[in-house]
Amino acid sequence: MRRPRILVTGGAGFIGSNFVRFLRSWRPEYRVVVLDKLTYAGRRENLADIPECERFRFVQGDIADQALVDALFAEERFDFVVNFAAETHVDRSILEAGAFIRTDIWGTWVLLEVVRRRGTGRFLQVSTDEVYGQVLEGSAAESDPLAPRSPYAASKAGADLMALAYHETFGLPILITRGSNTFGPYQHPEKFIPLFITNAIDDQPLPLYGDGRQVRDWIYVADHCAAIDLVLHQGEVGRVYNVGAGNERENIQVARLILRLLSKPESLIRPVADRPAHDRRYSLDTSRLRALGWAPRHPFEEALAETVRWYQDNEAWWRPIKQGEFAEFYRRNYGHRLGG
Ligand code: NAD
Ligand code: TYD
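The sections below set out a description of the structure shown in this document. Note that this is a predicted model, so its numbers are computed, not measured.

1. Notes on the overall build of the chain
So, point 1. What the chain contains, in helices and strands, is twelve helices and twelve strands.
So, point 2. Principal axes of the C-alpha set define a box for the chain whose edges measure 60 × 45 × 35 Å.
So, point 3. Here the chain, with 340 residues, has 58% of them falling under the buried criterion.
So, point 4. Element-wise, carbon and sulfur atoms account for 50% of the exposed surface of the chain, whose accessible area totals about 13700 Å².

2. Concerning the site of ligand 1
So, point 1. Within the structure, ligand 1 sits among 30 residues, and I15, D36, T88, Y152 and K156 are positioned closest to it.
So, point 2. A distance of 3.0 Å separates an oxygen atom of ligand 1 from a polar atom in the backbone of F14.
So, point 3. Look at ligand 1: alone it shows 840 Å² of surface, and the protein chains cover 96% of it.
So, point 4. Examining the composition of the shell around ligand 1, we find that three residues originate from one element, strand β5 (residues 122-128), more than from any other.
So, point 5. Class assignment of the residues belonging to the shell around ligand 1 gives a composition of eleven nonpolar, 15 polar and four charged.

3. Some thoughts on the environment of G339
So, point 1. Structurally, G339 can be placed in the segment after α12 (325-334).
So, point 2. Along the sequence, G339 and V243 sit 96 residues apart, while their C-alpha atoms lie 38 Å from each other.

4. Topic: the site of ligand 2
So, point 1. The environment of ligand 2 is made up of 20 residues, and the closest members are E130, P207, R275, H278 and Y334.
So, point 2. Note that an oxygen atom of ligand 2 is positioned 2.9 Å from one of the side-chain N or O atoms of N181.
So, point 3. A distance of 2.7 Å separates an oxygen atom of ligand 2 from a polar side-chain atom of Y334.
So, point 4. Relative to its free-state accessible area of 500 Å², ligand 2 is covered by the protein chains to the extent of 97%.

5. A few points about the packing of helix α6 (residues 192-201) against helix α8 (residues 251-261)
So, point 1. One can describe the packing of α6 onto α8 by two numbers: an axis separation of 10 Å at closest approach and a directional angle of 35 degrees. The hand of the α6/α8 crossing is right-handed. Two secondary-structure elements touch here, α6 through F192, I193, F196, I197 and A200 and α8 through N251, V254, A255, I258 and L259.
So, point 2. Per-class residue counts for the contact of α6 with α8 are nine nonpolar, one polar and no charged.

6. What about unusual backbone geometry?
So, point 1. Positioned with a positive phi, Y186 is a non-glycine residue whose angle comes to about 75 degrees.
So, point 2. Owing to a relative accessible area of 19%, Y186 belongs among the buried residues under this scheme.
So, point 3. Despite not being glycine, D203 has its phi angle at roughly 55 degrees, a positive value.
So, point 4. Judged by relative accessible area, which is 45%, D203 ranks as partly exposed.

7. Regarding the pairing of strand β10 (residues 240-243)
So, point 1. Side chains V240 and N242 project from β10 onto one buried face, and the interleaved Y241 and V243 project onto a second face that is buried too.
So, point 2. Where strand β6 (residues 174-179) meets β10, four bridges bridge the pair, whose relative direction is parallel. Within the sheet, the bridge partner assigned to G179 lies in β10 and is V243.

8. Some points on the sheet that holds strand β11 (residues 247-250)
So, point 1. Taken together, the three strands give an open sheet; going across it, the order is β7-β9-β11, and neighbouring strands pair in mixed fashion. Both outer strands of the open sheet, β7 (182-183) and β11, are each paired with one neighbouring strand and no more.
So, point 2. Sheet topology note: the β7/strand β9 (residues 215-220) ladder contains two bridges and is parallel. When the sheet's bridge partners are listed, T182 is paired in β9 with I219.
So, point 3. Along the sheet, α8 contacts β9 and β11; its crossing angle with β11, the most-contacted strand, is approximately 90 degrees.

9. Considerations on the sheet that holds strand β4 (residues 80-83)
So, point 1. Ordered in space as β3-β2-β1-β4-β5-β6-β10, the seven strands form an open sheet in which the pairing is parallel. Looking along the sheet, the strands with just one partner apiece sit at the ends: β3 (56-60) and β10. Going across the sheet, the axis of each strand differs from the next one's by a mean of 20 degrees, ignoring polarity.
So, point 2. Of the pairings in the sheet, the one linking β4 to β5 comprises four bridges and is parallel in character. Its bridge partner being in β5, N83 is matched across the sheet by Q125.
So, point 3. Contacts from helix α2 (residues 66-76) reach β1 (5-9), β2 (31-36), β3 and β4 within the one sheet, and its direction differs from that of β2 by about 175 degrees.
So, point 4. Of the strands in this sheet, β1, β4, β5, β6 and β10 are in contact with helix α7 (residues 221-234), which crosses β5 at around 145 degrees.

10. A word on the packing of aromatic side chains
So, point 1. For the coordinates displayed, the defined rule picks out 23 aromatic pairs.
So, point 2. Considering the side-chain rings of F329 and Y334, the 6.5 Å spacing of their centres and the 85 degrees angle between planes classify their relative orientation as edge-to-face. The pair formed by F329 and Y334 is uniform in burial state, with each residue classed as buried.
So, point 3. Each member of the aromatic cluster is reached from another via a ring pair, and the members are F183, F192, F196, W218, Y220 and F300.
So, point 4. The lysine or arginine in question, R92, covers the ring of F329, its NZ or CZ lying 4.2 Å from the ring centre.

Scoring rules and cut-offs
- Residues numbered from 1 in each chain as written.
- Chains lettered and ligands numbered in written order.
- Predicted model: local features only at pLDDT ≥ 70, side-chain atom pairs only at ≥ 80, totals over all residues.
- Heavy atoms only, no water.
- Helix = DSSP H or I, 4+ residues; strand = E, 2+ residues; numbered from the N terminus.
- Buried < 20%, exposed > 50% of the residue type's maximum accessible area, 1.4 Å probe, protein only.
- Areas by Shrake-Rupley, 256 points an atom, 1.4 Å probe, with all protein chains shown as cover.
- Near = heavy atom within 4 Å.
- Polar contact = N/O pair within 3.5 Å; in protein donor to acceptor, adjacent residues only side chain to side chain.
- Nonpolar A, V, L, I, M, F, W, Y, C, P; charged D, E, K, R; others polar.
- Axes fitted to C-alpha atoms, helices over the stretch in contact; angles between N-to-C directions.
- Left-handed = near helix turned anticlockwise from the far one by under 90°.
- Contact = heavy atoms within 4.5 Å.
- Pairing = 2+ DSSP bridges.
- Phe/Tyr/Trp six-rings, centres within 6.5 Å; stacked < 30°, edge-to-face > 60°.
- Lys NZ or Arg CZ within 6 Å of the ring centre and 35° of its normal.

Shown next, in the form of structure tokens:
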């Protein structure tokens, strides 16, 4: 019997690699094909424990490469597509937005266009709560207008709108998840939580933007993966689903928690110049997702402690990443802020 086939783009990145492992455990009958360009953010080693076999194939390639994507769809005839592939860091989008437009908007369009011509089962576009812009009061519902404020968020919003347009115009079986800030193993150390953990391990300053009172709604990566799987299989086609666990915390609270978990002094926190257009708060109304039967399983403080332990135990994973290209980015983004 033919195995169900799923394409996971960006499967060598943070959430994508966790999602591939989720599928291996919970949908062992699936054939999982990863398509990943292996940018600075993607690593083949993130999937090193999964051997190439009938159940798993890794393809290095760009979602914006129409010929490659078309050939892959012709060969594999996917039943499901989950599009994680994206440029994802707000600070990098402020320094250089072009790659975000190319991958997040154009690349998503290439996938949609191939799906339109070749056909597929359900296509889930992995999006973000950042498309709503900052939410100063209450919580964003899926029907709220999009008001992105960073080039990253604007690119993701463009992809959401294109995916929905392909559903309306061509009847493609599209679903969208808009996830909140995610954390856990294999997250690139450019992002807030792993940056602060790894800097603290090395007794380096933790560059806290502005007054540190910005609020993010944190979700553990395993909970995010379970939500994506549920929406993919049981969501209503053409709909958007917010994905959040309701753990709203100020950045400074999270920084203090990390330092406490590592027994490091609060004097490592270094307030620095704020990010331009820094969204003050994100908050999601997740009743639509919860009505499908999803609930988070990982309490925030426990999951954060687990994550801190993972970075303590996996220095061989993150130390090389913090050298080379990242060191250059760090100088560009933080050099003037840290006065060096
Ligand atoms: P990540 O940066 O860790 O991984 C992105 C992956 O995409 C990398 O493996 C990279 O090599 C690959 N990629 C980039 N450009 C590509 C291209 N042109 N073709 C093929 N592969 C390409 O990102 P992440 O944090 O795992 O995020 C995954 C998805 O989830 C993104 O779409 C992001 O917008 C969304 N999201 C992330 C968060 C979060 O907090 N991390 C929250 C909500 C939504
Ligand atoms: P980040 O992980 O970049 O996610 P996003 O900007 O997509 O929410 O940042 C999370 C929060 O942490 C955000 O409010 C910005 C803040 N932050 C800092 O204060 N210092 C840093 O060095 C970074 C990377 C982020």
